[in-house]
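This is what each chain is made of:
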Amino acid sequence: MEKKIILSGIQPSGIPTLGNYVGALRNWKLLQSEDKFCYYCVANMHALTVRQNADELRERSLGMAALLIACGIDPSISPLFIQSDVVQHAQLNWVLACNTYMGELNRMTQFKDKSAKHSDNINAGLFTYPVLMAGDILLYQADLVPVGNDQKQHVELARNIAIRFNNAYGETFKVPEPYIPKLGGRVMSLTEPEKKMSKSDPNPNSYISILDEPSVITKKLKRAVTDSEGRIAYGEGRFGVNNLLSIYCAMTGKNMDEAVNSFDGCGYGVLKTAVADAVIEEIQPVQEKYKYILANRGDLESVIRDGAERAAEAAEKTIDLVYKKVGLR
Ligand code: ATP
Ligand code: LTN
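Residues numbered from 1 in each chain as written. Chains lettered and ligands numbered in written order. Predicted model: local features only at pLDDT ≥ 70, side-chain atom pairs only at ≥ 80, totals over all residues. Heavy atoms only, no water.

Here's the deal with the site of ligand 2
Argument step 1. Neighbouring ligand 2 are 13 residues, the closest being Gln11, Tyr129, Met133, Asp136 and Gln151.
Argument step 2. Interatomic distance of 2.4 Å between a side-chain N/O atom of tyrosine 129 and an oxygen atom of ligand 2.
Argument step 3. In this structure, aspartate 136 approaches ligand 2 through a side-chain N or O atom, which is 2.6 Å from a nitrogen atom.
Argument step 4. Protein contact buries 92% of the 360 Å² of open area that ligand 2 shows by itself. (Near = heavy atom within 4 Å. Polar contact = N/O pair within 3.5 Å; in protein donor to acceptor, adjacent residues only side chain to side chain. Areas by Shrake-Rupley, 256 points an atom, 1.4 Å probe, with all protein chains shown as cover.)

So, in structure tokens, the structure goes:
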């Protein structure tokens, strides 16, 4: 049987949050199995859509690779690489851009959100960002793309570009599907629970970083915004309580009914402590592994180099096919 191909990426724009972990990274780890082949990339080219300091970007890209290993990516099995180290990403980008409509990109909600956040730097890269992401996916002929809910629209765009290209030039790209967790696909901010938790949020109390100390995790969760109803139940519009319950389920594997029943008669304080304990239990081993990896920096650099070489081998096959089909080779 042919192995299913998995690809995903994360921007080195900060330390991953609990949202990144539950929505995406945990599935990256879980998808590594004998019947699948996974490629994971640190999307440093995507990060350039926001102004960056060069030294910091380099350092954060490597740090992100270390964190991915700490989260359970096994780079000896799944190529782990930094996007710009595999030149084929840039090569495919132009061809796909010429097969994407302005109207499609105009509908992308992340562009609208990010251009509102960075109104002093609405650059063309921010607008064409989903094309670069489509290239990341199509380059490896991925079947599944494990992402959080907010990236669903971008994966759908990648599908549409693939279908359009295949219709115009003949079968070239596998048409990918998003892989989104049922619970935890959209973890919300702790301070403004109607917004998604985001690692680039200027308010650190809004997110739990996967490197936060246990005492900090507990403190942030204790302060998490809830509501005045005082009853632990999942309900329409109860963003804060729904979020805490969803995190609890994602951490413990319980379903929503089981979770709600287990807090019968309890107040929010009990729920918050239970969520904090569950998060700490899951995240502590990641933190320990991270420290160990960073202490062996030379190894990390060679892992990344090896990942790029293996990724480039697969990527070059697609580039060769595509460049021949469109008449560039
Ligand atoms: P930034 O704040 O820099 O925009 P981000 O925190 O939104 O970053 P990304 O690097 O854009 O994170 O996303 C990495 C992965 O994490 C993606 O698959 C994305 O869908 C997922 N993800 C991001 N935020 C959440 C969230 N709050 N809940 C669930 N998944 C999330
Ligand atoms: N755009 C994504 C990160 C990303 C990605 C990818 C995700 C870059 N390339 C390829 C999945 C597949 C984001 O902002 N979260």
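Having seen it, we continue.
Quick notes on the site of ligand 1
Argument step 1. By nearness alone, 21 residues border ligand 1, and Lys114, Asp150, Lys196, Ser198 and Ser200 come closest of all.
Argument step 2. A distance of 2.4 Å separates an oxygen atom of ligand 1 from a polar atom in the side chain of lysine 196.
Argument step 3. Measuring from an oxygen atom of ligand 1, one finds a side-chain N or O atom of lysine 199 at 2.6 Å.
Argument step 4. Starting from 600 Å² of accessible surface for ligand 1 in isolation, the protein chains cover 96%.
Argument step 5. It is helix α1 (residues 18-31) that provides the largest number of residues to the shell around ligand 1, a total of four residues.
Argument step 6. Residue classes in the shell around ligand 1 are distributed as five nonpolar, 11 polar and five charged. (Helix = DSSP H or I, 4+ residues; strand = E, 2+ residues; numbered from the N terminus. Nonpolar A, V, L, I, M, F, W, Y, C, P; charged D, E, K, R; others polar.)

Considerations on the side chain of asparagine 242
Argument step 1. Within the fold, asparagine 242 resides in helix α10 (residues 239-252).
Argument step 2. A distance of 2.8 Å separates a polar side-chain atom of asparagine 242 from the backbone oxygen of glycine 235.
Argument step 3. Discounting chain neighbours no more than four positions away, the residues touching asparagine 242 are Ala233, Tyr234 and Gly235. (Contact = heavy atoms within 4.5 Å.)

Thoughts on the pairing of strand β2 (residues 36-42)
Argument step 1. Across the seven residues that make up β2, a large majority, six, are buried.
Argument step 2. Bridging between strand β1 (residues 4-10) and β2 involves seven bridges; their strand directions are parallel. Residue pairing for β2: serine 8 is matched across the bridge by tyrosine 40.
Argument step 3. In this fold, the crossover linking β1 to β2 by way of α1 has right-handed handedness.
Argument step 4. Looking at chain direction, β2 and strand β3 (residues 80-82) are connected through three bridges and run parallel. Bridging across to β3, valine 42 finds its partner in isoleucine 82. (Buried < 20%, exposed > 50% of the residue type's maximum accessible area, 1.4 Å probe, protein only. Pairing = 2+ DSSP bridges. Right-handed = clockwise from strand over helix to strand, strands pointing away.)

With respect to unusual backbone geometry
Glycine aside, the phi torsion of most residues is negative, and most peptide linkages are trans.
Argument step 1. At glutamine 141, a residue that is not glycine, the phi angle is positive and equals roughly 55°.
Argument step 2. Along the polypeptide, glutamine 141 turns up in the loop between α7 (124-139) and β4 (144-146).
Argument step 3. Residue glutamine 141 is classed as buried on the basis of its relative accessible area, which comes to 17%.

Structural notes on the packing of aromatic side chains
Aromatic rings in a pair are described by how distant their centres are and how their planes are angled relative to each other.
Argument step 1. Tallying each qualifying case throughout the model produces eight aromatic pairs.
Argument step 2. Relative to tyrosine 140, the ring of tyrosine 39 lies with its centre 4.6 Å away and its plane at 35°, an arrangement referred to as tilted. On the criterion of sequence distance, the pair formed by tyrosine 39 in strand β2 and tyrosine 140 in the loop between α7 and β4 is long-range, its members being 101 residues apart.
Argument step 3. Taking relative accessible area as the criterion, tyrosine 39 reaches 8% and is therefore assigned buried.
Argument step 4. By relative accessible area, which is 2% here, tyrosine 140 ends up buried.
Argument step 5. By way of ring pairs, the aromatic residues Phe37, Tyr39, Phe81 and Tyr140 are connected into one cluster. (Phe/Tyr/Trp six-rings, centres within 6.5 Å; stacked < 30°, edge-to-face > 60°.)

Concerning the pattern of salt bridges
Argument step 1. This model, assessed by the stated rule, comprises 18 salt bridges.
Argument step 2. With its nearest N and O atoms 2.8 Å apart, the salt bridge here joins arginine 58 to aspartate 55. Taken as a pair, arginine 58 and aspartate 55 lie in helix α3 (residues 54-70) at a separation of three residues, close to a single helical turn.
Argument step 3. The partner of lysine 195 in a salt bridge is aspartate 201, with the nearest N and O atoms 3.8 Å apart. (Salt bridge = Lys/Arg side-chain N within 4 Å of Asp/Glu carboxyl O.)

This is a description of form; function is not addressed.
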